[in-house]
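Per-entry structural report
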Amino acid sequence: MANRQKILTVFGTRPEAIKLFPLIHVLEADERFESVVCVSAQHRAMLDQVLAIAGIVPEYDLDLMTPGQTLDALTARAVVEIGKVLDEERPDWVVVQGDTTTVMAGALAAYYRKIPVCHVEAGLRSGNIHHPWPEEVNRRMVGTFAALHCAPTETAARALKRENIDASSVHVTGNTVIDALEWVTKRIENEPSLASGLAGIERRFADKRIIGMTSHRRENFGEGMMQIADAVTRIAARDDVAVVFPVHLNPNVRAVMNDRLGALDNVALIEPLDYPHFARLLDISHLMLTDSGGVQEEAPALGKPVLVMRETTERPEGIEAGTAMLVGTNADTIVSAVERLLEDETAYSAMARAHNPFGDGKAAARIADLLTAQ
Ligand code: UD1
Ligand code: UDP
């Protein structure tokens, strides 16, 4: 078909892959589009886990990850290498999602070639350039030149309009993470073995309430991570809870967590889970303890109380709806928030309500329509 839109989707990390596979599935199935996928592979193993379950084989794999990579070295390589792909493909659109180095570098390389950028999950703002760091600046930069801003919520759309971004380029689409979660939930329903790998842990902790945990934020490295580890040590001293913590592959996270939590009876430090198994962990958890962005969106959808170990959040919707609570990185504050949820049934049920401020599972289809309407 002569006038098909060529869409180059560029991503590099686990959360981008999770939030973009629903859109890639839609683009691949729709004759209006020619879909080309480029991964920077800013993450390697954690990206590959998502590509495998989603059945995505990128046309370009730049394989950029190096152990312990720095922000500047990765940025420089990503701008240059993604630029080469853009020169070869000359797409009608470059699609990026979120706020990682790959997003900022991929969008910049497109801007340098005057190729329009579609920013998925646009308009998230914490208002603090150091929390989350460097993500707040990455997404603000992309916001200054994207041609199409797909805001997940009205709050995000308002934030963009406050920055004087042309309102006609801002659309509320919902967050594709809900599309992804619905997709993986159906896959597990049809094929339970996809998520059966936690059975050993489920048996081991059958008489305990499980706290699902993730932690990886750069701004928490050092003192923040120590405080988080201290909090988990104190929580796990209780005999009625167990903490299940798939540890991010970032060596800065692993060094602290393995050292401080590795020997505790009620803590299972495990390797990063593929998406079906993480969905299972969400399902079996009594509550989530996290500094992750995506988990703040998935937990409310499943009615799981989520305690957010950050000073601020760019996702206020979960907090406004009562499923999420900011607890920062002070050990005392984390411990007392967890204990309150474990001991106060009223406080727990007030938070454990399923609702979906982040989307209705149809965000990817809306974004695809917007790409043809411009
Ligand atoms: C990155 C993003 C962050 C996002 C997070 C999601 C930036 C600056 N940070 O943080 O916004 O929330 O991904 O997880 O873009 N590593 C591996 N294998 C992997 C993945 C990572 O070994 O599959 C190790 C490598 O040593 C790598 C390091 O982790 O150098 C850091 O990876 P990087 O992507 O730079 O930062 P993250 O902390 O993962
Ligand atoms: N996730 C996963 N396996 C894990 C931990 C998280 O599949 O072991 C998923 C989780 O469901 C969410 C996403 O990864 O969709 C969040 O990624 P991460 O916390 O790495 O990044 P962030 O969202 O903070 O940018």
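As a reminder, the structure under discussion sits directly above these lines.
Described in the following lines is the structure provided in the data block. Everything numeric in this text was worked out from a predicted model, so none of it was measured.

With that settled, consider the overall build of the protein chain. Helices and strands together make up the secondary structure of the protein chain, namely 16 helices and 13 strands. Taking 21 Å as the expected radius of gyration for a compact globule of 374 residues, we find that the protein chain reaches 20 Å, a close match to that expectation. Along the first, second and third principal axes, the C-alpha atoms of the protein chain reach 65 × 45 × 40 Å. Burial statistics for the protein chain: of 374 residues in total, 59% are counted as buried. Restricting to contacts in the protein chain with at least 6 residues of sequence separation, those with at least 24 account for 69%. Accessible area for the protein chain stands at about 14800 Å²; split by element, carbon and sulfur atoms hold 51% of it. Between the averaged position of the 37 positive side-chain charges in the protein chain and that of its 52 negative side-chain charges there is a distance of 2 Å.

In this fold, Ala 122 is placed in the loop between β5 (117-120) and α5 (135-145). Considered as a pair, Ala 122 and Met 226 are 104 residues apart in the sequence and their alpha carbons are 32 Å apart.

Residues in contact with ligand 2 amount to 14 residues; listed here are only the nearest, Arg 14, Leu 273, Gly 293, Gly 294 and Glu 298. At a separation of 2.9 Å, an oxygen atom of ligand 2 approaches a polar side-chain atom of Ser 292. Between an oxygen atom of ligand 2 and a side-chain N or O atom of Glu 298, the distance comes to 2.5 Å. Considered on its own, ligand 2 offers 540 Å² of accessible surface; in the complex 94% of this is hidden by protein. Of the residues in the shell around ligand 2, the class split is seven nonpolar, four polar and three charged.

With 42 residues, the main nonpolar core has Phe 11, Leu 23, Val 95, Cys 118, Tyr 275 and Leu 371 as its most contacted residues. Per-element accounting of this core gives the leading share, seven residues, to helix α1 (residues 14-29). Leaving out residues up to four positions away in the same chain, Leu 23 has contacts with Val 95, Val 120, Ala 364, Ile 367 and Ala 368. Counting residues in hydrophobic clusters, the runner-up holds 32 residues, among them Ile 235, Val 241, Val 253 and Leu 287.

In this section: a nonpolar patch on the surface. The grouping of Ile 129, Val 137 and Met 141 at the surface amounts to a nonpolar patch, some 210 Å² of accessible area in total. Structurally, the position occupied by Ile 129 is in the loop between β5 and α5. Looking at Ile 129, the relative accessible area reads 40%, which means it is partly exposed.

Before going further, it helps to examine the packing of helix α9 (residues 223-235) against helix α14 (residues 331-343). Running from amino to carboxyl end, α9 crosses α14 at an angle of 35 degrees, the nearest separation of the two axes being 8 Å. α14 is crossed by α9, and the crossing has right-handed handedness. Each of Gln 227, Ile 228, Asp 230, Ala 231, Arg 234 and Ile 235 in α9 lies in contact with α14, whose residues at this interface are Ala 331, Asp 332, Ile 334, Val 335 and Val 338. Across the contact of α9 with α14, the residue classes break down as seven nonpolar, one polar and three charged.

Right, let's talk about α1 for a bit. The first and last C-alpha atoms of α1 sit 23 Å apart over 16 residues, in line with the 22 Å expected at 1.5 Å per residue. When the local axis directions of α1 are compared, the greatest deviation, roughly 40 degrees, occurs at Leu 20, which is followed within four positions by the proline Pro 22. Among the residues making up α1, those that are buried are Glu 16, Ala 17, Ile 18, Lys 19, Leu 20, Phe 21, Pro 22, Leu 23, Ile 24 and Leu 27.

With respect to spatial proximity, 24 residues lie near ligand 1, and among them Gln 42, His 43, Thr 66, Glu 135 and Asn 250 are the closest. Taking His 43, its side chain carries an N or O atom lying 2.6 Å from an oxygen atom of ligand 1. Out of a free accessible area of 740 Å², ligand 1 has 93% covered by protein chains.

Once that is clear, we can look at the sheet that holds β5. Pairing is parallel across the open sheet formed by seven strands, whose spatial order is β3-β2-β1-β4-β5-β6-β7. Two strands in the sheet have a free side with no partner beyond their single neighbour: β3 (60-61) and β7 (170-172). Strands β1 (5-11), β2 (33-39), β4 (93-97) and β5 of the sheet are contacted by α1, whose axis makes an angle of about 165 degrees with β1.

Applying the stated rule across the entire model yields zero disulfides. Its sulfur unpaired, Cys 118 is 3.8 Å from the next cysteine sulfur, which belongs to Cys 150.

Thresholds applied
- Residues numbered from 1 in each chain as written.
- Chains lettered and ligands numbered in written order.
- Predicted model: local features only at pLDDT ≥ 70, side-chain atom pairs only at ≥ 80, totals over all residues.
- Heavy atoms only, no water.
- Helix = DSSP H or I, 4+ residues; strand = E, 2+ residues; numbered from the N terminus.
- Rg over C-alpha atoms; globule rule 2.2 N^0.38 Å.
- Buried < 20%, exposed > 50% of the residue type's maximum accessible area, 1.4 Å probe, protein only.
- Contact = heavy atoms within 4.5 Å.
- Areas by Shrake-Rupley, 256 points an atom, 1.4 Å probe, with all protein chains shown as cover.
- Lys, Arg positive; Asp, Glu negative; His and termini not counted.
- Charge placed at Lys NZ, Arg CZ, Asp CG, Glu CD.
- Near = heavy atom within 4 Å.
- Polar contact = N/O pair within 3.5 Å; in protein donor to acceptor, adjacent residues only side chain to side chain.
- Nonpolar A, V, L, I, M, F, W, Y, C, P; charged D, E, K, R; others polar.
- Core = buried A, V, L, I, M, F, W, Y, C linked by side-chain atoms within 4.5 Å.
- Patch = residues over 30% accessible without salt bridge, like charges linked within 9 Å, V, L, I, M, F, W, Y side chains within 5 Å.
- Salt bridge = Lys/Arg side-chain N within 4 Å of Asp/Glu carboxyl O.
- Axes fitted to C-alpha atoms, helices over the stretch in contact; angles between N-to-C directions.
- Left-handed = near helix turned anticlockwise from the far one by under 90°.
- Expected span 1.5 Å × (residues − 1).
- Bend = angle between axes of the 7 residues up to and from the residue.
- Pairing = 2+ DSSP bridges.
- Disulfide = S-S within 2.5 Å.

Geometric descriptors of this kind do not, in isolation, establish any biological role.
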